[in-house]
Amino acid sequence: MKDIILSMLTAASYAVFLRNLLFSGGLGASEVLRAAQRNSEILMSSLLVSLFSGAAAGLCHWLSGLLSVFEYAWLAALYGGVLLVLYLVTCGVIVLLPLKAAPFRPILLRRIGMSALNTIVMGVPLLAHQMGESLPGAIGMGLGAGAAFLIVTMLINSGLHILQQNKAIPPMFTGVPAALIYTGLLALAFTGFKGEILFV
């Protein structure tokens, strides 16, 4: 049990710091920017991305080993199918919720669609397979991707609030241009964790 937890934590910390898919690969960037603009959606979006990433990574790892699928194109098709099934099952469960929860159904369905059908959720199982992760490692990488989503969204959210209050920004750079420059600087900072040389 101790080895399983250690494997999950190692893979999760790798996904958060050393291979932050949001900054190093741009996966899920549009969803992060959208969620960062609404304080009320940050936690829910991060939780859903974490759950879908962890579940998809675990199921995809198990199925690819069971079916002996190793070619990249077939893996992508298998992972896409697993993600689609997870999404449909989750939507079915929400539709079957009791009537008291009926007002929240449209909000949940919209949030689940944006969180489940996201490039970061699809990228995690492929990265876990590429790295040869074990089942606990694949699940840990999925949960780490959700934690990375939360950290990045909170950083961008706080930066957007500071940028909105800054009167020294020229008018042509206010709004989206300033947000993209700020996000690019954050991506450079996270790339420093990997120790890669960006410019030769």
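*Asks:* Any chance you could break down the layout of surface pockets for me, citing the residues and the numbers?
*Replies:* Here the largest pocket defines a volume of roughly 290 Å³. The wall of the largest pocket is formed by 15 residues, among which Gln37, Leu160, Gln164, Gly175 and Ala179 lie closest to the centre. Contributing elements (two or more residues each) for the lining of the largest pocket: α3 (29-36), α8 (135-165) and α9 (176-194). Looking at the lining of the largest pocket, the element that brings in the most residues is α8, giving 5 residues. Among the residues making up the lining of the largest pocket, the classes are represented as 8 nonpolar, 7 polar and no charged.

*Asks:* An account of the nonpolar core is requested, with residue identities and associated values reported.
*Replies:* Within soluble globular proteins, side chains that are nonpolar generally end up buried alongside one another. In this structure, Phe52, Ile112, Val121, Met141 and Ile156 are the most contacted members of the largest nonpolar core, which totals 37 residues. Elements that contribute at least two residues to this core include exactly α1 (2-18), α3, α4 (42-66), α5 (72-95), α6 (105-116), α7 (119-131), α8 and α9. Counting residues per element, this core draws most heavily on α5, which supplies 9 residues. Excluding residues that lie within four positions of it along the chain, Ile112 makes contacts with Leu48, Phe52, Tyr87, Thr90, Cys91, Ile94 and Leu117.

*Asks:* I'd like a rundown of empty space enclosed by the protein, residues and numbers included.
*Replies:* Applying the stated criterion across every chain yields a total of 1 cavity of 30 Å³ or more. In terms of lining residues, the largest cavity is bounded by Ala57, Cys60, His61, Ser64, Tyr79, Pro125, Ala128, His129 and Ala138. With 4 residues, the single largest contributor to the lining of the largest cavity is α4. Taken together, the residues that form the lining of the largest cavity break down as 6 nonpolar, 3 polar and no charged.

*Asks:* Give a detailed account of the environment of Leu33, specifying residues and quantitative values.
*Replies:* Mapped onto the elements, Leu33 comes out in helix α3. By relative accessible area, Leu33 is classed as partly exposed at 24%.

*Asks:* So, the confidence of the model for the protein chain: which residues are in play, and what are the values?
*Replies:* When pLDDT is averaged along the protein chain, the result is 81; 88% of the residues meet or exceed 70. Averaged pLDDT values over the elements of the protein chain bottom out at 65 in helix α2 (residues 21-24) and peak at 87 in α8.

Cut-off values and rules
Residues numbered from 1 in each chain as written. Predicted model: local features only at pLDDT ≥ 70, side-chain atom pairs only at ≥ 80, totals over all residues. Heavy atoms only, no water. 1 Å grid on protein atoms, 1.4 Å probe; cavity = no way out; pocket = protein on both sides within 12 Å on 5 of 7 lines; lining within 4 Å. Points joined across faces, edges and corners; volume = space filled by probe spheres on them. Helix = DSSP H or I, 4+ residues; strand = E, 2+ residues; numbered from the N terminus. Nonpolar A, V, L, I, M, F, W, Y, C, P; charged D, E, K, R; others polar. Core = buried A, V, L, I, M, F, W, Y, C linked by side-chain atoms within 4.5 Å. Buried < 20%, exposed > 50% of the residue type's maximum accessible area, 1.4 Å probe, protein only. Contact = heavy atoms within 4.5 Å. pLDDT = per-residue confidence, 0-100.

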